[in-house]
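# Examination of the molecular architecture
One letter stands for each residue in the lines below.
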Amino acid sequence: MPSDSLVDSLGTWRRSHYSGDLVSVPPGQEVTVFGIIASIRNQGRITFVILLDSQGLVQITIGNDADEALQKRFGELKEFSYIGVRGIPKKFPKAPGGVEIVPSQIKLLARPKTTPPFGLFSKQVPNLETRMDMRSIDLRRPAVQEIFRIRHDLLNNMRAYLSGNGYLEVTSPKIISSATEGGAALFPILYFDKEGFLAQSPQVYKEQLVGAFEKVYEIGPIFRAEESRTMRHLAETTSVDLEEAFVTFEDVMSTLESLLVSAVSAVQKKHTLPKNKLSTDGRFTKITYSDALNVLDKDGAHLDWGDDIAFTSLKVLETRIKSPYFITHWPTSTKAFYIKPLEDKPEMSESFDLICGSLELASGGTRIDSREFLEQRLSEKGLNPRAFEYHLKSFDYAMPPHAGFGLGLDRLMMTLTGQENIREVVLFPRDQGRLAP
Ligand code: ATP
Ligand code: MG
């Protein structure tokens, strides 16, 4: 096995403390810490190494009166090396974290062959594409890590809210046999000797599951072969999907609102978020699709009834309507086959989108619960009802009335962290131009 003669093995060393715990270590107690070197500053008689671990920073200080072998070891350190340090922590208010360690032993566990074009705390960093090409290194920067710590807490809080309110977390197949959100954005795959697809949404499965469990949710990947490259679309993204029996779109709109208010306020208690439109304690605004068109009209941004409200129109509405807001009662023709039309006005549907700023965060609605009607809507949408037989069968055995929504987790994260490009809030983003890393 080729080895770097300068590099030590981990041996029996194990971490005794994280950086964040060092302030409370009793005086005189030796600790073992591990981490990555964020910076090295040599001031002649004294050298400071700033070590970063998953909890924060600790300063390692060595003077030129220290043991010679130890000084030599220190001289060999570079930024981005991984090291272990043993020594006694001392309170030192000027150091990051308020503690410094004067080491008695040090292990160089891994050292870089090459260093990246940025430091762990650099303000100036290369452009997005360069960083995404070396994303695993980009992710070592604490500023980037914070995004994923926020995501972790957001997910924990959403799960807590949903299970606390009686929703069962489910996992549905991601390799499926038919389109759910329209044919265009599908990824076909070779499934043994058949054609399969990557799931555009868990729609049909979450609907089938409300017949059994009444209230379900899924947090998982969805796949869309998006043709245009935008700051808010990826080919693989995460959605928070919810479906519930014996309720309508009005009820799930309230559920979505309460879920977001609850999860976002919990995250805000733990993290400093940039000022964002979701940090509201008030209720979300509601406007019908037709009223939204009137607002656009007044701004000289006319749309014909039945048109989709595209991003450019949402940009206009952003200046007129307080975010976050729901647009309700969309034309049936703009919505997927499973959305229920109004009984007395079938050209309109029991549907909503949740918008924040100019970003669509979620779509939802009451679902059609009759097989015959679903078949008709599938045909109208140019989809083949026979391809959905496995789904339609559930409706032959009766399905409860139900409603639900799909919320884009990565779009929600953009809103919460103030990122303009969705790629910044995804560990390893996938788009038309990127399949690796
Ligand atoms: P858009 O009109 O913005 O393309 P959509 O209406 O096609 O979105 P839905 O089918 O309603 O998307 O999916 C539910 C939610 O999932 C959306 O409101 C959005 O937040 C998110 N979403 C959908 N497609 C993508 C994507 N390609 N990348 C990131 N998030 C997405
Ligand atoms: Mg939508």
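Everything numeric in this text was worked out from a predicted model, so none of it was measured.

## With respect to the site of ligand 1
- In the vicinity of ligand 1, 15 residues are found, and the nearest of them are E226, H233, L234, E360 and L361.
- With respect to ligand 1, the side chain of R224 contributes an N or O atom lying 3.0 Å from an oxygen atom.
- Taking L361, its main chain carries an N or O atom lying 2.9 Å from an oxygen atom of ligand 1.
- Within the residue set of the shell around ligand 1, elements represented by two or more residues are β15 (359–366) and β16 (402–408).
- When residues of the shell around ligand 1 are assigned to their parent elements, the largest contribution, 4 residues, is made by β15.
- Classifying every residue of the shell around ligand 1 gives 4 nonpolar, 5 polar and 6 charged.

## Some words on unusual backbone geometry
- Cis rather than trans, the peptide bond between S323 and P324 has omega equal to -10 degrees.
- Position of P324 relative to the elements: it lies in the loop between α8 (311–318) and β13 (325–328).
- The omega torsion of the bond from A436 to P437 falls at 0 degrees, within 30 degrees of zero and hence cis.
- Structurally, P437 is set in the segment after α11 (409–417).

## Considerations on the sheet that holds strand β2 (residues 46–53)
- Taking strand neighbours around the barrel as the criterion, the 5 strands line up as β1-β2-β3-β5-β4 in a closed arrangement whose pairing is mixed. When strand polarity is set aside, the average angle formed by the axes of neighbouring strands in this sheet is 50 degrees.
- As paired strands, strand β4 (residues 82–91) and strand β5 (residues 99–110) are joined by 10 bridges and run antiparallel to one another. Across the sheet, residue V85 finds its bridge partner in β5, namely I106.
- Seen against the sheet, helix α1 (residues 68–75) touches β2, β3 (56–63) and β5 and runs at an angle of roughly 70 degrees to β5.

## Brief notes about the nonpolar core
- Counting residues in hydrophobic clusters, the biggest one holds 48 residues, and the most contacted among them are L154, M158, L256, L278, L407 and L412.
- Taken together, the elements giving at least two residues each to this core come down to α4 (142–164), β10 (215–223), β11 (236–245), α6 (249–270), β14 (351–356), β15, β16 and α11.
- I176, V210, A245 and A336 belong to the second largest nonpolar core, which has 23 residues in total.

What counts and how
Residues numbered from 1 in each chain as written. Chains lettered and ligands numbered in written order. Predicted model: local features only at pLDDT ≥ 70, side-chain atom pairs only at ≥ 80, totals over all residues. Heavy atoms only, no water. Near = heavy atom within 4 Å. Polar contact = N/O pair within 3.5 Å; in protein donor to acceptor, adjacent residues only side chain to side chain. Helix = DSSP H or I, 4+ residues; strand = E, 2+ residues; numbered from the N terminus. Nonpolar A, V, L, I, M, F, W, Y, C, P; charged D, E, K, R; others polar. Pairing = 2+ DSSP bridges. Axes fitted to C-alpha atoms, helices over the stretch in contact; angles between N-to-C directions. Contact = heavy atoms within 4.5 Å. Core = buried A, V, L, I, M, F, W, Y, C linked by side-chain atoms within 4.5 Å. Buried < 20%, exposed > 50% of the residue type's maximum accessible area, 1.4 Å probe, protein only.

By themselves, these are just geometric observations and shouldn't be taken as functional.
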